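Coordinates in review
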Amino acid sequence: MDKDDHIFAEFIFQAMKQKPKNLVSTVAQFTYDNHKNSSIKERLNFDPIFEYLAGLSLVTLENDTIGRGRPQVVELTSIGEMVESVDARLRELRYEQYNQRKRQEREDANRATEIEYFKRQNWLAKYWWMTSSISAIVGAIIGALVQKFIFC
């Protein structure tokens, strides 16, 4: 979507705020008439914009099942009623994606830490005799040195 399509999407969304359920052709004609002499590019097919708004969960589309399968009725969703503009909805979606990405990174870091912990626990369970033997030998050497130098 380019800048002009975004302007059309914002206009359609604000028009839908005034009348939450309408025919797609009526909304498209209203949008076309209001932007006919403006500086933005002229657009005759508004279906991609309606699908873009439906992708943002701002509107729901009822398709014509008999004809060409194009959207026939557009209705504002509950999310669309609560949101002020298309930009606000985009910010919400980006924030949700950011939170989800951060949560996934934390989960990956925790999973890596757990894997490392279990690897070390498995190694200790497998070679417990070696660690115990080394610590006993080191303890005996330190004890002998302490006894020799302190109690000479």
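Going by the structure above, here's the rest.
Presented here is a report on the structure given in the accompanying data block.

Right, let's talk about the overall build of the chain for a bit. Scanning the chain for helices and strands turns up six helices and three strands. Helices and strands appear in the chain in the N-to-C order α-β-α-α-β-β-α-α-α. By the burial criterion, 24% of the 152 residues in the chain qualify as buried. Just so you have it, the chain exposes about 11200 Å², and 55% of that area is on carbon and sulfur atoms.

This brings us to unusual backbone geometry. For Ser-57, which is not glycine, the phi torsion reads 65° and is therefore positive. Looking at the secondary structure, you find Ser-57 in the loop between helix H3 (47–55) and strand E2 (59–63). Of the residues examined, Ser-57 reaches a relative accessible area of 29% and is grouped as partly exposed.

Here the focus is the pattern of salt bridges. In total, this model carries six salt bridges according to the counting rule given. Residue Asp-5 pairs with Lys-41 through a salt bridge whose shortest N-O separation is 3.9 Å. Of the two residues, Asp-5 sits in helix H1 (residues 3–18) while Lys-41 sits in the loop between helix H2 (24–34) and H3, which places them 36 residues apart along the sequence. Here Glu-92 ties to Arg-89 by a salt bridge, and the two come within 3.2 Å at their closest N and O atoms. Linking Glu-92 with Arg-89, this pair stays in helix H5 (residues 86–126), spanning three residues, or about one helical turn. Put simply, Asp-2, Asp-5 and Lys-41 are held in one network by salt bridges that share partners.

The rules behind the values
Residues numbered from 1 in each chain as written. Predicted model: local features only at pLDDT ≥ 70, side-chain atom pairs only at ≥ 80, totals over all residues. Heavy atoms only, no water. Helix = DSSP H or I, 4+ residues; strand = E, 2+ residues; numbered from the N terminus. Buried < 20%, exposed > 50% of the residue type's maximum accessible area, 1.4 Å probe, protein only. Areas by Shrake-Rupley, 256 points an atom, 1.4 Å probe, with all protein chains shown as cover. Salt bridge = Lys/Arg side-chain N within 4 Å of Asp/Glu carboxyl O.

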